[in-house]
Number of protein chains: 2
Amino acid sequence: MSNINRQITLASRPVGYPKVSDFKLVESPIPTPKAGEILVRAIYLSLDPYQRGRMSDAPSYARPVQIGEVMTGEIVGKVMVSQHPEFKEGDIVAGLLGWQEYAVSDGTGVRKIDPTLAPISTALGVLGMPGMTAYFGLLDLGKPQPGETVVVSGAAGAVGSIVGQIAKIKGCRVVGIAGGERKVNYLLKELGFDAAFDYKTVQNYGQKLKELCPAGIDVYFDNVGGSITDAVFPLINIKARVVICGQISQYNLEKPELGPRCLRYLIMKRARVEGFLIFDYASRYKEALQQLAEWVKTGKLMYHEDIAEGIENAPEAFIGMLKGRNIGKQLVKISEP
Amino acid sequence: MSNINRQITLASRPVGYPKVSDFKLVESPIPTPKAGEILVRAIYLSLDPYQRGRMSDAPSYARPVQIGEVMTGEIVGKVMVSQHPEFKEGDIVAGLLGWQEYAVSDGTGVRKIDPTLAPISTALGVLGMPGMTAYFGLLDLGKPQPGETVVVSGAAGAVGSIVGQIAKIKGCRVVGIAGGERKVNYLLKELGFDAAFDYKTVQNYGQKLKELCPAGIDVYFDNVGGSITDAVFPLINIKARVVICGQISQYNLEKPELGPRCLRYLIMKRARVEGFLIFDYASRYKEALQQLAEWVKTGKLMYHEDIAEGIENAPEAFIGMLKGRNIGKQLVKISEP
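First, a word on what this report is: a plain description of the structure on this page. Keep in mind that what you see is a predicted model, and the values were worked out from it rather than measured. (Residues numbered from 1 in each chain as written. Chains lettered and ligands numbered in written order. Predicted model: local features only at pLDDT ≥ 70, side-chain atom pairs only at ≥ 80, totals over all residues. Heavy atoms only, no water.)

### Side note on the relation of the copies chain B and chain A
Move 1: Overlaying chain B with chain A gives an RMSD of 0.0 Å, the required rotation being 180° about an axis along which the chain moves by 0.0 Å. The symmetry that links the two subunits is that of a two-fold axis. (Least-squares fit on C-alpha atoms with pLDDT ≥ 70 in both.)

### Notes on the interface of chain B and chain A
Move 1: Counting from both sides, the interface comprises 35 residues of chain B and, opposite them, 35 residues of chain A.
Move 2: Taking both sides of the interface into account, the surface hidden between chain B and chain A amounts to around 3000 Å²; carbon and sulfur atoms contribute 57%.
Move 3: In this assembly, chain B and chain A are joined by eight salt bridges.
Move 4: Here Arg261 of chain B makes a salt bridge to Asp230 of chain A, at a shortest N to O gap of 2.4 Å.
Move 5: Sorting the residues of the side of chain B that touches chain A by element identifies α6 (226–232), β12 (236–244), α7 (248–251), β13 (258–260), α8 (263–268) and β14 (272–275) of chain B as the ones contributing at least two each.
Move 6: Ranked by residue count, the leading element in the side of chain B that touches chain A is α8 of chain B, at five residues.
Move 7: Residue composition of the side of chain B that touches chain A, grouped by class: 16 nonpolar, nine polar and ten charged.
Move 8: Relative to β13 of chain B, strand β13 (residues 258–260) of chain A runs antiparallel, the two being bridged by three bridges. Residue pairing for β13 of chain B: Pro260 of chain A is matched across the bridge by Leu258 of chain B. (Contact = heavy atoms within 4.5 Å. Buried area = accessible area lost by both parts, 1.4 Å probe. Salt bridge = Lys/Arg side-chain N within 4 Å of Asp/Glu carboxyl O. Helix = DSSP H or I, 4+ residues; strand = E, 2+ residues; numbered from the N terminus. Nonpolar A, V, L, I, M, F, W, Y, C, P; charged D, E, K, R; others polar. Pairing = 2+ DSSP bridges.)

### Some details on the side chain of Asp48 of chain B
Residues and elements named next belong to chain B.
Move 1: For Asp48, the location among the structural elements is in the loop between β3 (38–46) and α1 (50–54).
Move 2: Among the polar contacts made by the side chain of Asp48, one reaches the side chain of Lys329 at a distance of 2.7 Å.
Move 3: Apart from the residues lying within four places of it in its own chain, the contact partners of Asp48 are Pro130, Phe318, Met321 and Lys329. (Polar contact = N/O pair within 3.5 Å; in protein donor to acceptor, adjacent residues only side chain to side chain.)

### Notes on the packing of helix α2 (residues 129–142) of chain A against helix α3 (residues 160–169) of chain A
Residue and element names in this part refer to chain A.
Move 1: As a packed pair, α2 and α3 sit with axes 8 Å apart at the nearest point and diverge in direction by 45°. On the basis of the axis angle, α2 is oblique to α3. α3 is crossed by α2, and the crossing has right-handed handedness. Contacts between α2 and α3 involve Pro130, Gly131, Ala134, Tyr135, Leu138 and Leu139 on the former and, on the latter, Ile162, Val163, Ile166 and Ala167.
Move 2: Here the residues of the contact of α2 with α3 sort into nine nonpolar, one polar and no charged. (Axes fitted to C-alpha atoms, helices over the stretch in contact; angles between N-to-C directions. Parallel < 35°, antiparallel > 145°, perpendicular 65-115°, else oblique. Left-handed = near helix turned anticlockwise from the far one by under 90°.)

### Re the packing of aromatic side chains
Residues and elements named next belong to chain B.
Move 1: Per the counting criterion, the structure on display carries 19 aromatic pairs over all chains.
Move 2: Summarising the aromatic geometry, the rings of Tyr61 and Phe279 are spaced 6.1 Å apart at their centres and angled 45° between planes, so their arrangement reads as tilted. Here Phe279 lies in the loop between β14 and α9 (285–297) and Tyr61 lies in the loop between α1 and β4 (75–82), a separation of 218 residues in the sequence.
Move 3: With relative accessibility at 46%, the residue Phe279 sits in the partly exposed group. (Phe/Tyr/Trp six-rings, centres within 6.5 Å; stacked < 30°, edge-to-face > 60°. Buried < 20%, exposed > 50% of the residue type's maximum accessible area, 1.4 Å probe, protein only.)

Next comes the structure, spelled out in C-alpha cells:
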C-alpha cells in the first residue's frame, strides 16, 4: 500500500445545498496506530442525510464537523494493523471513522462484522443504521397492525425502502412517496408496495393520498417533512402514529419555510407524533440485526445499493443523495475488500 | 313555574369570532316528559371552547349544531319530573342538555351529582369535564416527573388552571401563560405557579420562556396553539411530552394561518406530541373524580368561577370566554338551585 491517506474535509459551511467546493480532498501520511489502537482501511463509506446536519453549526444532538476537519461518516473496512486486544488483522469492522481511506481508532464505537451473514456493505444499510432506524422507528413508534395503512415518504431511500417492506411483512397496506418514475416503479415492482406516487409530477398530494389511502392513514413514517407531510395530517385516522425520522426537504433551505399548522388534527384524531434517534436503541441492536438478517436471507427484505467509486467522488455522491438521485443505500466504494 | 322555556339556538354559522347575532333567544312551551324520560330545570350552563367547533360545519369529532337547533352545552340542573326509574324529583344531575332553561331527556349521558361533595357548579368545572381533561391530559400523556418543568398555555382557564396545580402537586416547576396582568397575578398569587407571563404584553415569547424555564421544558400542555406554541418547540428537552388539548387561538381565524414547522425539534429531542379527547377516558372518570375531589377538599386544588346571569346573557359570555375575558370556569347561572 502507498503511504498516502486521502481524506475529505469540510472546507466551508454550506448555504442551502452543499456544493463540491464545500469539501476538500486532502492528502496526509497514513497514521500509525499506538498501543490500544487499530489501523482500518476503508472499503465502503456510508452517505446519509444526517451528515448534512453535521456540516452546519446549528444546535443539534451531535457536535458539528469543524472547518478543516474530516467529514463524519460510517465506514466498513478491514483492520490492517492491530495493537488492540479485541481486534486482529483482517477483521472486517464498521464504525464512525470518517470520509477517509485510512483511520486509526482506539476501538470506540467500532464493531466487528460477520462477513458470512451478508455482503459486508449491508452493515451500512439494511443490516446497519438505516435498517435499525427503519426497524425501531416503524415497529416501536409506528406499531403497525395488520390491515392498517402505512404511508412512507422518502420511500425509495435507504430507510424508507426498508420501512415499507417491514410494514408489508406486518400485513399492512403500504403507500410510498418518492421522487421520479424509476423510484415509483422500484417500489411497486421490486419491493411490492401496494401503491406509490411521484411527488415531482403529482400536483395535489392530498388528493392523491386520499385516492391511494381510501381507509385513511394509520401510520406515517416521515423522512422528508415539508409539504408532503402537510398533506398527510388531514388524512390521519383516529389513534394514528406519525413517526418523525427525518425532514430532508428542510435540511437545505436557506431559511425555514412556513407551513400550515398541523396540531389541531392531533386533537380530533387523538393522534401521536414522535421523533426518535436510533442511538437511543443501542441496547436492542442485536435483536433487530437478527430479525433483519433473517428477513434478508429468506428474501422477504430486498435492498438496493447505489455505489459511487473512489473517495474523491464522495462529495458529488453526497449532494446527489440529498437531491434524491439514489435508490436505496448510497455508498462510496473506497477500496477493494 | 311559568310554562315558558327559553332556549338559545344557532342563528347563523360564525365567520371569525361569533357575534351575538349568530345566536337567537327563542321561547317555547316547557316540554312534558314521556315514560322513561325526565324533565330537568337548568341551574348552571357550562361554556367551553369546544362549543365554538360545534358552531362550524367543518369535519370534527362530533356533529355540528344545525341552524335553528339549540346550542350544545353541558348543564347542572334539578330533576323536576321523573318518569325514569333511575331518577327521582329533586335529583341534581349533569348532562349535555343544551343552552336552555328546561330540557327533557331519556337519561342518556345524564349523571347524578352528589351535592355534599362540593358546590354543584363544580360538576361543570374542577369536578367535571375541565377537571377530567386536566387530570388525564396532564397525567396520562404529559407524565410529569418531580423536578421537571411544565409549561401551560391558557393557564388561567378552566383546564389550564387545574393542569398547573396538579403539576405543582406532582412536584414540578410550573410556568403559566395567560392574557392580562390580572390572570398572571391569579396564577402567581392564588394558584402558586412558579412563574407566569402575560402574552399580551410580552413581545418575544421564546426569550421569555427561556428566561422562565432555565432547565428547558419537559411537558407543555397546550390549550392555545399558534405563536405561543411555536415558541415552545425550540425549548423542549429530550423526551419532552407535548399534550395538545386545545388550539383556541386558531378556532376563530377566518382562514388557517401559517407557522414555522415544528417537527424537526421532535427528532433532535426524541419528543412526543399527542392530542386527546376526554371522552376516550370515560371508563376512568371515577378515579379522576375521587382524586380531584380529595384535592379540592384538602385545599390543594383551588378553582375560580366566572358566572354570568341568565340564559339571555349566554352568547355574550361565550364570546367573552373565547376572547379570554374569564378567569377559571365560565358558567351561566340559569336559575336558583
